[in-house]
Amino acid sequence: PLTLGEVRMLVELFYLPYHHGPQAQHLLEHFRWLWANSPSVGVPATAPDAGAGLRWHSRARCFEQLCAQTCRLHSRFVSSAGRALLYDLHPYLWDIRNMLLAAGAFILWLGCQSITAPIPLEGDAEPWARRGGLFGELQALLPVGNSCDLFYHPPPLFPSSQLYVLRPLLPLDKVSWLGWLSLGQAGLRVAAQWCPALAGRLLGSFLSLSPEYTFVLEDEGGPCGYAAGALCAEGFLQQRDGSWLPAIRHKYPRDLGAGAPALGQEALLFFHAEPPAVPLPVLRRFPSLVQLGTAPCVLDVGASRSLALCLLSALRANGSRGVFCQVSATDRQQLSFYSKLG
């Protein structure tokens, strides 16, 4: 059964529409302070106030712990609550869990960046654009908070107690990326002989040219999803086509696919095919490129939504006005994936 502390946290998260319990209030206060003071995170060694970065990271750890507690509460509630209570309250707790997955990863991302002047948040949205309560206040604090379509998805019909962790790509991940990037568009989670080629097809260009906008979704079994982006898609595509692709084609020549498994042949064909050109009007109106994917085991669309929210918030925080993704017309899985995200 739920502990007294967990029940107290559940009550405090949903206390009154405009009045929150202590733990929910701490979440909001930490988020506001961390977002407002993010320029104080000293990346240069000669930062004017060496203590500012320490204070920021200390408070970020407190915020991260509160987010993790809420995610565990969701998992425990699904496992412990009676069916009637579960189906009454689960949609609200599911929403908060998803929001804090994205908010926590966004704060971790801020701590890894050298942003000197994050863009100010836009003016207040129309009243109907946000719900009340803690969810609505957290939504308003994210850089994409006025994009209300991103935040409205029905909860799953069958609640899952699966725990997820969402975080930015770490330097150590780049060393071991061949092991987990094989989940790919088809959601594979095994490392096979042709994994390097397949992984390179999926995310190699982002890891090489835009690693600062890459996020990892993990469950109890390890990495199960990713989100990657490029702030300036025009420059990214020029670098990809001008230097990265030729180097990959040299590393994986076309004749290497003889006798390879189907996935290896598919990856090699991808490298040696000419990438479709993106029309200039698209690049002008939607200057950033995004790519997301999850393994088949991720049945909870809320976790996928959190991936999208986090990536879009990071791009928006650095001034992006819009994003686009490239999907093959025959890739039904990816078309369905993006459609479910709205």
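Residues numbered from 1 in each chain as written. Predicted model: local features only at pLDDT ≥ 70, side-chain atom pairs only at ≥ 80, totals over all residues. Heavy atoms only, no water.

The name given to the protein in an unreviewed UniProt entry is OGA GlcNAcase, with Corythaeola cristata as the source organism.

Draft legend 1. Representation of the nonpolar core in the model. One finds Phe31, Phe106 and Phe215 to be the most contacted residues of the largest nonpolar core, which totals 63 residues. When residues of this core are assigned to their parent elements, the largest contribution, 13 residues, is made by helix α4 (residues 83-112). Lining this core are residues from two domains, each supplying at least three of them: domain 1 (1-150) and domain 2 (162-341). (Core = buried A, V, L, I, M, F, W, Y, C linked by side-chain atoms within 4.5 Å. Buried < 20%, exposed > 50% of the residue type's maximum accessible area, 1.4 Å probe, protein only. Helix = DSSP H or I, 4+ residues; strand = E, 2+ residues; numbered from the N terminus. Domains from an automatic or database assignment.)

Draft legend 2. Main features of empty space enclosed by the protein. For the structure on display, the rule yields two cavities of 30 Å³ or more. For the second largest cavity, the full set of lining residues is Leu150, His153, Arg305, Ala308, Leu309 and Leu341. Its residues placed into classes, the lining of the second largest cavity shows four nonpolar, one polar and one charged. (1 Å grid on protein atoms, 1.4 Å probe; cavity = no way out; pocket = protein on both sides within 12 Å on 5 of 7 lines; lining within 4 Å. Points joined across faces, edges and corners; volume = space filled by probe spheres on them. Nonpolar A, V, L, I, M, F, W, Y, C, P; charged D, E, K, R; others polar.)

Draft legend 3. Quick peek at the packing of aromatic side chains. Counting across every chain of the model gives seven aromatic pairs. Ring plane angle 35° and centroid distance 5.9 Å describe the contact between Trp109 and Tyr213, whose orientation is recorded as tilted. Placement of Trp109 in helix α4 and of Tyr213 in the loop between α7 (195-209) and β2 (214-219) is noted, with a sequence separation of 104 residues between them. Judged by relative accessible area, which is 0%, Trp109 ranks as buried. Take Tyr213: its relative accessible area is 3%, and that puts it in the buried class. Centre to centre, the rings of Phe337 and Tyr338 are 5.5 Å apart; their planes meet at 75°, and the pair counts as edge-to-face. With a relative accessible area of 12%, Phe337 lands in the buried category. Residue class for Tyr338 comes out buried when judged on its relative accessible area of 15%. (Phe/Tyr/Trp six-rings, centres within 6.5 Å; stacked < 30°, edge-to-face > 60°.)

Draft legend 4. Geometry of a nonpolar patch on the surface. On the surface, Val7, Val11, Tyr15 and Leu16 cluster together into a nonpolar patch covering about 350 Å² of accessible area. Tracing the backbone through its elements, the reader meets Val11 in helix α1 (residues 4-13). (Patch = residues over 30% accessible without salt bridge, like charges linked within 9 Å, V, L, I, M, F, W, Y side chains within 5 Å. Areas by Shrake-Rupley, 256 points an atom, 1.4 Å probe, with all protein chains shown as cover. Salt bridge = Lys/Arg side-chain N within 4 Å of Asp/Glu carboxyl O.)

Draft legend 5. Representation of the sheet that holds strand β1 (residues 165-168). Here five strands make up an open sheet; going across it, the order is β1-β2-β3-β4-β5 and the pairing mixed. Of all the strands in the sheet, the pair left with one neighbour each is β1 and β5 (323-324). Summarising the sheet, β1 and β2 pair through four bridges and their orientation is antiparallel. Within β2, the position partnered with Val165 by the bridge is Glu218. Against the sheet, helix α11 (residues 301-317) touches β1, β2, β3 (222-230), β4 (288-294) and β5, its axis set at about 160° to β4. (Pairing = 2+ DSSP bridges. Contact = heavy atoms within 4.5 Å. Axes fitted to C-alpha atoms, helices over the stretch in contact; angles between N-to-C directions.)

Draft legend 6. Structural context of the pattern of salt bridges. A complete count under the given rule lists eight salt bridges for this structure. A salt bridge links Glu137 to Arg32; the nearest nitrogen and oxygen atoms lie 3.0 Å apart. Here Glu137 is found in helix α5 (residues 133-141), whereas its partner Arg32 is found in helix α2 (residues 22-36), with 105 residues between them in sequence. Under the relative-accessibility criterion, Glu137 is labelled partly exposed at 23%. For Arg32, a relative accessible area of 36% translates into the label partly exposed.

Draft legend 7. How the structure looks around helix α12 (residues 332-340). Among the residues of α12, Gln334, Phe337 and Tyr338 are the ones counted as buried. Viewed along the axis of α12, the buried residues span an arc of 90°, placing them on a single side of the element. Along α12, exposed side chains directed more than 90 degrees from the buried face belong to Arg332, Ser339 and Lys340. Here the buried face of α12 lies against β4 and α11. (Arc of directions from axis to C-beta.)

Draft legend 8. How the structure looks around the confidence of the model for the protein. Taken over all residues, the pLDDT of the protein has a mean of 81, while the share at 70 or more is 80%. Counting interchain partners and residues more than four positions distant, the pLDDT-below-50 stretch residues 42-46 has four contacts. Low pLDDT, under 50, characterises residues 178-195; the predicted model gives this stretch 53 contacts beyond four residues in sequence or across chains. (pLDDT = per-residue confidence, 0-100.)

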